[in-house]
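# Inside the fold
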Amino acid sequence: MYSAKTNVFEIAFKQYLYKLKALSFLGLIILQAIALLFSSSGLGMYGSGNGGFSVHVKIITSDIVIVFTMVWAFAIAVGYTKKYHKDIDFTLVSNRLSSSLSDSGLFLTISILGALTSTLAGMLLRVILYFTTDHSLIISGAFKLPFLNWFQSFFAVVMYLLLICGAGYLFGMLIEVNRLFAFIIPASFFGLARGQNDLFLSMIRFFTKEPSLLLFAGKAIFTAAILLTLSLLIFNRMEVRR
Amino acid sequence: MSLSILSLILLVVILLGILLMTKNKKPFVPNLRNYFFLFYCAVLLLATLAVYALPDQDFIQRAKNNPDQAISEARQTEANLFEIAKQGNLDHTKGIYLNLSQDFIVGEDRLNLKLANGMESEVWIERKDSNDGKIEVRSYVTPHLVEHVDFSAKIRPPVISLEGNKLQIQPPARYTLDLKTFKDNFISAQFRGSSPAESFGNTTVFGRQIIYLRIPAGMKVSSNQPYIIYLD
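In this text the structure is predicted, and so the values were computed from the model without any measurement. (Residues numbered from 1 in each chain as written. Chains lettered and ligands numbered in written order. Predicted model: local features only at pLDDT ≥ 70, side-chain atom pairs only at ≥ 80, totals over all residues. Heavy atoms only, no water.)

### Observations regarding the pattern of salt bridges
Counted only if it meets this: We define a salt bridge as a contact between a side-chain nitrogen of Lys or Arg and a carboxyl oxygen of Asp or Glu at a distance within 4 Å.
What the rule picks out here adds up to 13 salt bridges over all chains. One salt bridge in this structure joins R138 of chain B and E136 of chain B, with 3.9 Å as the shortest N-O distance.

### A few points about the interface of chain B and chain A
The following threshold applies: Working rule for contacts: check all heavy atoms of both residues, and any pair within 4.5 Å makes them a contact. Put simply, buried area is the surface a 1.4 Å probe can reach on two separate parts but cannot reach once they are joined, added for both. Secondary structure follows DSSP: runs of H or I at least 4 residues long count as helices, runs of E at least 2 residues long count as strands, and numbering of each begins at the N terminus. Residues were grouped as follows: Ala, Val, Leu, Ile, Met, Phe, Trp, Tyr, Cys and Pro as nonpolar; Asp, Glu, Lys and Arg as charged; and all remaining residues, including Gly, as polar.
Listed as interface residues are 68 residues of chain B and, on the opposing side, 75 residues of chain A. Carbon and sulfur atoms supply 68% of the area buried between chain B and chain A, which totals about 7,000 Å² over both sides. The largest contributions to the chain B side of the interface with chain A come from K180, F182 and F191 of chain B, which together make up 13% of the buried area. Taken together, the connections running from chain B to chain A amount to one salt bridge. For K144 of chain A, the salt bridge goes to D56 of chain B, with nearest N and O atoms at 2.9 Å. Listing elements by their share of the side of chain B that touches chain A, those giving two or more residues are α1 (2-21), α2 (32-53), β9 (175-182) and α5 (186-192) of chain B. Looking at the side of chain B that touches chain A element by element, the count peaks at 14 residues for α2 of chain B. Of the residues assigned to the side of chain B that touches chain A, the class counts are 37 nonpolar, 16 polar and 15 charged.

### A word on the confidence of the model for chain A
For clarity, the cut-off: Values of pLDDT, the confidence the predictor places in each residue, fall between 0 and 100.
Summing up the model confidence of chain A, the mean pLDDT is 87 and the portion of residues at 70 or higher is 95%. No element of chain A has a lower mean pLDDT than helix α4 (residues 83-89) of chain A, which averages 72, and none a higher one than helix α3 (residues 63-79) of chain A, which averages 93.

### Structural notes on the nonpolar core
Condition: Nonpolar core, defined: a set of buried Ala, Val, Leu, Ile, Met, Phe, Trp, Tyr and Cys residues in which side-chain atoms within 4.5 Å join the residues together. Only protein chains enter the calculation, and the probe is 1.4 Å; a residue is then buried if its accessible area is under 20% of its type maximum, exposed if over 50%, and partly exposed in between.
Counting 74 residues, the largest nonpolar core has F107, I110 and F143 of chain A together with I187 of chain B as its most contacted members. Secondary-structure elements contributing two or more residues to this core are α1 (8-22), α2 (26-39), α3, α5 (96-132), α6 (147-177) and α9 (213-236) of chain A together with α2 and α5 of chain B. Leave out the neighbours within four places in its chain, and I110 of chain A touches L23, W72, A73, I76, A115, L161 and C165 of chain A.

### Brief notes about the state of the cysteines
The cut-off we apply is this: Two cysteine sulfur atoms form a disulfide, by the criterion used here, when they sit within 2.5 Å.
According to the stated counting rule, one finds zero disulfides over all chains in the structure shown. Left unpaired, C165 of chain A is separated from the closest cysteine sulfur, that of C41 of chain B, by 17 Å. Classification of C41 of chain B by relative accessible area gives buried; the value is 5%.

### As for α5 of chain A
Quick note on the threshold: Here, expected helix span is obtained from the residue count minus one, scaled by 1.5 Å.
In this model, α5 of chain A (37 residues) spans 52 Å end to end at C-alpha, consistent with the 54 Å of a helix rising 1.5 Å per residue. Taken across its 37 residues, α5 of chain A has 28 buried, putting it largely inside the fold.

### Examining the pairing of strand β1 (residues 44-49) of chain A
Regular strands have side chains that alternate between both faces of the sheet. Residues and elements named next belong to chain A. Where we set the bar: Think of it this way: DSSP has to see at least two bridges between two strands before they count as a pair.
As paired elements, β1 and strand β2 (residues 53-60) share six bridges and run antiparallel to each other. Each residue of the ladder has a partner; that of G47, found in β2, is H56. Two successive antiparallel strands, β1 and β2, enclose a turn made up of three residues.

### Focus on the sheet that holds strand β5 (residues 145-146) of chain B
All names here are of chain B. Taken together, three strands build an open sheet; the order of strands is β6-β5-β10 and the sheet is antiparallel. Every other strand in the sheet has two partners, leaving β6 (149-150) and β10 (204-205) as the edge strands with one partner each. For β5 and β10, the ladder comprises two bridges, and the chain directions are antiparallel. Across the sheet, the residue bridging to V146 is T204, located in β10.

Listed below in C-alpha cells is the structure:
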C-alpha cells in the first residue's frame, strides 16, 4: 500500500523534463555547421554560354542541413533505447509506459527544435553568402521566403523528424532485443529496394509524394504513433533489468 | 519582415512554454552545452532578421511578368532593334540597356575602324547633321535572360580606344558570370510543387550587343570589317 497516488502522465512529464535537461544539442550544432559548409558551394548548377562569355547559375539550398538534422534525430532516437539511457529511468519513479511516453515527448521536442534550426539555418546560409560573395550576382528569387512558405517547410520538417525518431526508436528497440537486427533491418531495406523496388518505392512515396500538408501530417503522426507503440510493446516484453 | 518577427515570436513562445512547464527552482539550462544551443538559436534568428533587412536592389531581380512573356518580349526587342535604332529610340526603349558611352574628339575627316578578331558585336553607324569633330560611341544590349532572370546589366561592354584616326574596338576578355540563386528545400517543394519561381530549365536568351557610332557628317569610314551597317 502506498501513501501517495501516482499518475503516469505526471511521472512521464517529470522524466521528460529530466531527459530534456540532460540532452545535448552540441552534436546538432556541429552537424548543421558542417552541412552549412557543404551547402555554401551549391547543390546544383546550370549554365550556358556564347562566344564572349558564359553564365552559370548555382543553386543553393539548405537540403543538406535538413538531411543532417534527420540523421541526428535518428541517432538520438536509437540512443534512447540503449541500456545507459534506460538505466537512468530506473533511478526515478518509473515504469515502461512512463519511460516510453517521456521519450516520445522528447522526440517531439527534438523534432520541433531540429526543424526550427534546420529551416532557419537556410537564412544563416543566405547571410553568409551575401557577405562573403559578390551579392550583386545573387538572384532575388527565394532569397526572402514568405512566412507561409517558411512555416509550411518548418511544419513538414517537424513531421518528417517525428517519423524518423519513431523509426529510429523502433530500430533501436529491435537491436536491444537481438543485435542481429542491426544487420537484418538495413539488409532487408536494401533487399526490398533492389528486389521489390515497386513496393519499396510505394512505401517511400506514401510520404514523399503526398502533396497535402495536412494529409501528410496525418500519415506521419499515425505512422510515428504506430512505431512508438510497437517500440513500447517490445520494451514491455524485455527483461526487467539487464 | 513578417517571417523574422513571427519566427522570433515562435521561438520565444516555445522557450517560454518550456520555461513555464519547468516550474522548479533550478534554472532550465543547467549546462554549458545548452547555452551554446541558445546562442546558436540567437545567431539563426539574427541571421533571419538580417535577411529581411537587406535591400532588395542588391540582388538581380526576376522578371515581374510571366517568364514566357519576358522571353517573348526579349526576342521582340531583338527583332525590332534596327527599326528602333533608325527611329532614334535606343535610349528610350524598355529592355535596351546602354552599357557604354564614350565620346572621342578627332581632328581628321577620315576614320579607320579596326575591329579585333572575335568581335561578336555589330557596328552601326549614323551620320550626324553637323561636322562637330566628335565621335559618339555607345554600346547597347538587348535582354539577356537565363530562365526569367535578366542579367543584361552584367554584360561587359567592348573596350574602345582612339589612336590618331584609328578607332580600335576589342571585345572584353572572355568572362563567366557566376550567378547564385536560392531554392527552397526539397521538403517544401513536396507541398508546393515546382513553382515557376523555383523551377529551372534550359531556356537562355542571349540578346544582341551593338556598338553604335554617331560620326560627323563629312567623315569617311574605312574598316577591316565588311559588316558595318549605316543607318542613313
